[in-house]
Amino acid sequence: MDLEKFKKEAAKAEGAIKGLFSKLRKNPHRNLDDEFQELHEEAFEQIDCLSCGNCCKTTSPIFYQKDIERVSKHLRITPSKLIEKYLHLDEENDYVVNSAPCPFLSADNYCSVYDARPTACREYPHTNRKRVYQIMDLTIKNAQICPAVFYIFKKLEEKTKV
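First things first, this report covers the structure right here in the doc. (Residues numbered from 1 in each chain as written. Predicted model: local features only at pLDDT ≥ 70, side-chain atom pairs only at ≥ 80, totals over all residues. Heavy atoms only, no water.)

## Structural notes on the packing of aromatic side chains
Here's step 1: For the structure on display, the rule yields five aromatic pairs.
Here's step 2: When the centroid spacing of 4.8 Å and the interplanar angle of 50 degrees are considered together, the rings of Tyr86 and Phe104 count as tilted. Residue Tyr86 is located in helix α6 (residues 79–86), and its partner Phe104 is located in the loop between β2 (95–97) and α7 (119–123); the two are separated by 18 residues in the primary sequence.
Here's step 3: Exposure remark for Phe104: the relative accessible area of 3% places this residue in the buried category.
Here's step 4: Aromatic side chains Phe150 and Phe153 sit 6.0 Å apart centroid to centroid with 40 degrees between the ring planes, which places their arrangement in the tilted category. Highlighted residues: Phe150 and Phe153, both in helix α9 (residues 147–161), separated by three residues, approximately one helical turn. (Phe/Tyr/Trp six-rings, centres within 6.5 Å; stacked < 30°, edge-to-face > 60°. Helix = DSSP H or I, 4+ residues; strand = E, 2+ residues; numbered from the N terminus. Buried < 20%, exposed > 50% of the residue type's maximum accessible area, 1.4 Å probe, protein only.)

## Some details on the layout of surface pockets
Here's step 1: Estimated volume of the largest pocket: approximately 1,200 Å³.
Here's step 2: Listed by contribution, the elements that provide at least two residues to the lining of the largest pocket are α4 (54–58), α7, α8 (136–142) and α9.
Here's step 3: Sort the elements by how many residues they give to the lining of the largest pocket and α7 lands first, with five residues.
Here's step 4: Its residues assigned to classes, the lining of the largest pocket comprises 29 nonpolar, eight polar and nine charged.
Here's step 5: Taken as a whole, the second largest pocket encloses approximately 180 Å³ of empty space. (1 Å grid on protein atoms, 1.4 Å probe; cavity = no way out; pocket = protein on both sides within 12 Å on 5 of 7 lines; lining within 4 Å. Points joined across faces, edges and corners; volume = space filled by probe spheres on them. Nonpolar A, V, L, I, M, F, W, Y, C, P; charged D, E, K, R; others polar.)

## Points about the packing of helix α5 (residues 65–75) against α6
Here's step 1: In the contact formed by α5 and α6, the axes pass within 8 Å of each other and the chain directions differ by 95 degrees. On the basis of their axis angle, the class for α5 and α6 is roughly perpendicular. Along the contact surface, α5 presents Ile68, Glu69, Val71, Ser72 and Leu75, while α6 presents Pro79, Leu82, Ile83 and Tyr86.
Here's step 2: Its residues placed into classes, the contact of α5 with α6 shows seven nonpolar, one polar and one charged. (Axes fitted to C-alpha atoms, helices over the stretch in contact; angles between N-to-C directions. Parallel < 35°, antiparallel > 145°, perpendicular 65-115°, else oblique. Contact = heavy atoms within 4.5 Å.)

## Concerning the environment of Val132
Here's step 1: Inspection of the secondary structure puts Val132 in the loop between α7 and α8.
Here's step 2: Between the C-alpha atoms of Val132 and Asp33, which are 99 residues apart in sequence, the distance is 6.0 Å.
Here's step 3: Each residue touching Val132, except ones within four places of it in the same chain, is listed here: Leu32, Asp33, Phe36, His126 and Thr139.

Below, the structure is given as structure tokens:
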């Protein structure tokens, strides 16, 4: 995957993405959840996360207490040691990783804590959830990070032009 090309295309399309999602948000006759679910599945048939890893390279998930406990157990360290070594509280008082890329991301884009990864990582990019309209602002942001979300946007754009 050519991440630099993707980033340029996504940045160029940011205004169009915002406009499309604004239009979708206002149309109560569309079933966005079904459309997103269908396009989510289609996108991930086309895109291999391991060829990208941009989410892990550029953003940090929130670590909830249950995530801290699960990851620390996986690493065989105490929760306090996990926090001390890898996490900090951000401006919203959420635990996030100290720096990007994620310290658990390996050079081949595999996650060393994959089986114990935080809930936010398990659910990313959040395009197959119910009431997707509730997180439209996050989805717009994720279109700049995740090629699958950008793919979904492009397909939705095609559908709305028809």
